[in-house]
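Given next are the chains, with one letter for each unit.
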Amino acid sequence: MRKTLLNTMGLLLALFGATNASAQSTVELPYSITFDSTNDVWTVLDASPSPGTSWVFNNDWGNDGFCIGNAWTATPSYCIRTDSGEPNDYYVSPSFSLKAGKTYTVKTSSGTMYSTPATLSVEYTTTPTNAASFTKLSDISMPSSGAQYDNSYDLTVPEDGLYNFAFHATNTSAGDKSNWVYLYALGFSIEEKVGGETPDPGTDPDQPDPPAVDQDGTLPYDMTFDSAEKFATWTTMDNSDTPGVTWAYTASDFAGKPAAHMGPDATSGTCDWLVSPKFELKEGKSYKITVDAASGPNNELNLILDYFVGSKSADNQKTIEWIGSKLPKTEGETEGEGGKVKNEWILDANKDDVYLFAFRALNWGANNANDAVSIYSVKIEEMAEGKPDAPVALPYEVSFEKEESVSDWTAMDRSGNVSSTWSWNSWGYQEYDNDWQPVGDQHPCVGFSSDWNTDANDYWVSPAFALEAGKTYVAKAHTANNRSCIETGTTSFTMKLGTNKKMQSSFDKTLGSIELNTVYDRDPSTFEFTVEKAGNYYVAFHISDKTGANAYGYIFDFSLAEKGSGEPEVPVATEAATGFAAAELTAEKSVELTWTNPTKDVDGKDLPADALLTVKVYEGEEVVKVFEDQTPGSEGKHVQAYTDETFAGEHNYKVVVVYKDKESEAVTTSLTVKVVVDAINGVVVPTDAKVSVHTLGGAAVGNNLSTLGKGTYIVTMKRADGTMKTVKVTK
């Protein structure tokens, strides 16, 4: 009997509604409420199959409160959580008198937690106690958990009457629908839309709305933000977690000047763009952006100069410069000294397309009262071409071991995302064995290390070369790669020929593929080619990758020459030095090393008579002497001096000859200096002393320890003046 009665009561509640307050009243427009405290104006209608948990006020972080950005404090709200009866619950507003033919703007503020599959919608009715009478105005899209969403909807009612609105929570997902509900109502407002337009929050109703579409801009472009009408030719993008305050026109900023201004955004961390009209830019052209801007006192807001290609979106952003929080930007500033003011930036267009320039205001924290940035004017203009590059002479060769060697080369990034490209790398290339253990030294070089967010498409472009039709040219380069390039098979590494170092389309001739190889010391990649027309040409290393994660290239050197005698010589090591010997200089406590420098290279060819050799002399693995500018066949000599304590014992020596950065095989020799009584275990014998050596038993054994067996001896030294010294020596 009790169970039947409860089920009957549940059915009646579903049909006729259950409230948590007194009967609803009619409220005048405009109307706005924030659910940060309990109220008795809104009511609850539980239409779940088995009425249970429904909308309730909550301000408790520890009890599944709403926490923006996973904060450690709860945001007060009305919420519905873990409805054991399967959610179908309405949080219902008071009544509003609406007229047919008029448009009303309904705004909601809401949130969700724990990636709940439940849906929240805003609905309206003229019969607030009948769940079946509600009409959906819109589902409220909330794709991210822990973020506050402010939305706006327009409504025109079919007839005059009293209307109620509701936050409606349902779960239509598969599986268990009853316990996975975490929805939060934070605020609601409704007002008549006057003249068909509703001003955006926080803006002056007298100011013109931003254009619906991006306007076309023409170059040269010169904008001064001294009126609301001019500001309206730009658009804004509020990409904050909780959209709120964004860029707006102000007639008087912190400096009393008109400006495009971004101030404190109290609702969330700021990430807002002020976006220019769109401009048609051409690949290979350079464009200068000049900005007059300033920041307020103790500004915490960063300004970044970005651009968009094709269309504007947060996912399509590319950065020209992180300008910083201090405006105007200064370079080279040190404490107590002024720096150079920088307000100009250059963009090299990487393809023919529509470009939009944007100023991004960025602050990771909300409620920062110091946030204040103003843009006063912006100029955008195409830069003059300048003088053509003067070609460098052939034969040409360069090693990328040092940073200054890259000054004549240019990186050309044609990836979808221009976040990384070729550059000189001081760490350089590290070779690894099959167990990923480092092998040998790091080799400074020009390197490219993948494009993680896009397909790699990058060129390392040489200086210009004047090439003649009909002649054959030889290009050579030593390169290496990361093992992932080889194992995935997605990387392409080629050498190309082009006529414009800023235009990808001009590099339409592939000279050949560069072998993907992880070995540092190997034969160079070699390419022979001709040109059909005389002119200035550029050679480029081109690396690309279909996945965007496996393109790794390392370039150690490059050479280009006409085939024949003009081709630059590839360095070859010399033969080893000959006649390497070591002799003991007892009186001087030194060792004299002698050798003869080579006259041929390892291929048996004579070295040029004017060749200059470098000779390194080692004791063990330590370089003890370097001889520069030695001639082939010359005699070498080095005297290595020692102290009384270091002279005795075995010494190992080697000599290595270096020619054009190539080392010869080492030649070695060794010498053992015998130990005598006047130089053993730190005993120093004066030259005028008479020496006698005895065993511990007192037997005389002469004065030369070198001929004695191992043991402990008594050494007596008597000088001419009669003074004596006796020491115990162990051999």
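Everything quoted here is computed from the prediction, not taken from an experiment. (Residues numbered from 1 in each chain as written. Predicted model: local features only at pLDDT ≥ 70, side-chain atom pairs only at ≥ 80, totals over all residues. Heavy atoms only, no water.)

(A) Molecular detail of the side chain of Asp253. Residue placement: Asp253 occurs in the loop between β15 (248-250) and β16 (259-262). Summary of buried charges: Asp253 has no salt-bridge partner, and the nearest side chain of opposite charge, Lys257, is 6.6 Å away. Polar contacts involving the side chain of Asp253 include one to the main-chain amide nitrogen of Lys257, which spans 2.9 Å. Among the polar contacts listed, one links the side chain of Asp253 to the side chain of Tyr376, at a separation of 2.6 Å. Beyond its immediate chain neighbours, meaning those up to four positions away, Asp253 contacts Ala259, His261, Ser374 and Tyr376. (Helix = DSSP H or I, 4+ residues; strand = E, 2+ residues; numbered from the N terminus. Buried < 20%, exposed > 50% of the residue type's maximum accessible area, 1.4 Å probe, protein only. Lys, Arg positive; Asp, Glu negative; His and termini not counted. Salt bridge = Lys/Arg side-chain N within 4 Å of Asp/Glu carboxyl O. Polar contact = N/O pair within 3.5 Å; in protein donor to acceptor, adjacent residues only side chain to side chain. Contact = heavy atoms within 4.5 Å.)

(B) Quick look at the sheet that holds strand β44 (residues 635-641). Across the sheet, which stays open at both edges, the 3 strands sit in the order β40-β41-β44 with antiparallel pairing between neighbours. Looking at strand neighbours, the two that pair on one side only are β40 (578-585) and β44, the edges of this open sheet. Neighbour to neighbour, the strand axes of the sheet diverge by 15° on average, direction disregarded. (Pairing = 2+ DSSP bridges. Axes fitted to C-alpha atoms, helices over the stretch in contact; angles between N-to-C directions.)

(C) Just the packing of aromatic side chains, in detail. What the rule picks out here adds up to 49 aromatic pairs. Judged by centre distance (6.4 Å) and plane angle (55°), the rings of Tyr31 and Phe188 are tilted. Here Phe188 lies in strand β12 (residues 182-192) and Tyr31 lies in strand β1 (residues 31-34), a separation of 157 residues in the sequence. Residue class for Phe188 comes out buried when judged on its relative accessible area of 3%. (Phe/Tyr/Trp six-rings, centres within 6.5 Å; stacked < 30°, edge-to-face > 60°.)

(D) Representation of the nonpolar core in the model. With 36 residues, the main nonpolar core has Phe225, Trp247, Phe357, Phe359 and Ile375 as its most contacted residues. Setting aside residues no more than four positions away along its own chain, Ile375 makes contact with Phe225, Trp247, Ala259, Ala260, Val291, Asp292, Ala293, Leu303 and Phe359. Ranked by size, the runner-up nonpolar core spans 35 residues in total, among them Ile80, Val106, Met142 and Val157. (Core = buried A, V, L, I, M, F, W, Y, C linked by side-chain atoms within 4.5 Å.)

(E) Here's a closer look at the pairing of strand β24 (residues 353-363). Counting buried positions along β24 yields 10 of 11 residues, so the element is predominantly enclosed. Across 10 bridges, the pairing between strand β17 (residues 270-281) and β24 is antiparallel. Bridge pairing links Leu281 to Asp353 in β24. Across 8 bridges, strand β19 (residues 302-309) lies against β24 in antiparallel orientation. Its bridge partner being in β24, Ile304 is matched across the sheet by Arg360.

(F) Spotlight on unusual backbone geometry. In this structure, the amide linkage connecting Leu219 to the following residue, Pro220, adopts the cis form with an omega of -5°. Position of Pro220 among the secondary structure elements: in the loop between β12 and β13 (221-224). The phi dihedral of Asn298 is positive, around 55°, even though this residue is not glycine. As for its position among the elements, Asn298 is in the loop between β18 (286-295) and β19. Located in the positive-phi region is Asp661, a residue other than glycine, with phi close to 70°. Among the structural elements, Asp661 can be located in the loop between β45 (649-659) and β46 (662-663). The exposed category is assigned to Asp661, whose relative accessible area is 74%.

(G) Summary view of the confidence of the model for the protein chain. When pLDDT is averaged across the protein chain, the result is 84; 87% of the residues are at 70 or more. Between residues 1-23, whose pLDDT stays under 50, and residues either more than four places distant or in other chains, the model counts 25 contacts. Throughout residues 196-212 the model reports pLDDT below 50, and contacts reaching past four residues in sequence, or to other chains, amount to 19 contacts. (pLDDT = per-residue confidence, 0-100.)

(H) The arrangement of the sheet that holds β24 in detail. The sheet built from 5 strands is open, its strands ordered β14-β17-β24-β19-β20 with antiparallel pairing. Each edge of the open sheet carries a strand with a single partner, namely β14 (235-238) and β20 (317-324). Across the sheet, the mean angle separating the axes of adjacent strands is 25° when strand polarity is ignored.

(I) Representation of the environment of Leu120 in the model. By the secondary structure assignment, Leu120 is in strand β8 (residues 119-125). We classify Leu120 as buried; its relative accessible area is 1%. Expressed as a C-alpha distance, the spacing of Leu120 and Phe167, which sit 47 residues apart in the sequence, is 6.6 Å. Residues within four places of Leu120 in sequence aside, it is in contact with Trp55, Ser110, Asp139, Ile140, Met142, Phe167, His168, Ala169, Leu183 and Tyr184.

(J) Here's a closer look at the pattern of salt bridges. Within this structure, the stated rule accounts for 21 salt bridges. A salt bridge links Lys563 to Glu528; the nearest nitrogen and oxygen atoms lie 3.2 Å apart. With Lys563 in the loop between β39 (557-562) and β40 and Glu528 in strand β36 (residues 525-529), this residue pair connects regions lying 35 residues apart in the sequence. Glu528 gets classed as partly exposed once you look at its relative accessible area, which sits at 47%. Each of Lys288, Glu344 and Glu381 takes part in a single network of salt bridges with overlapping partners.

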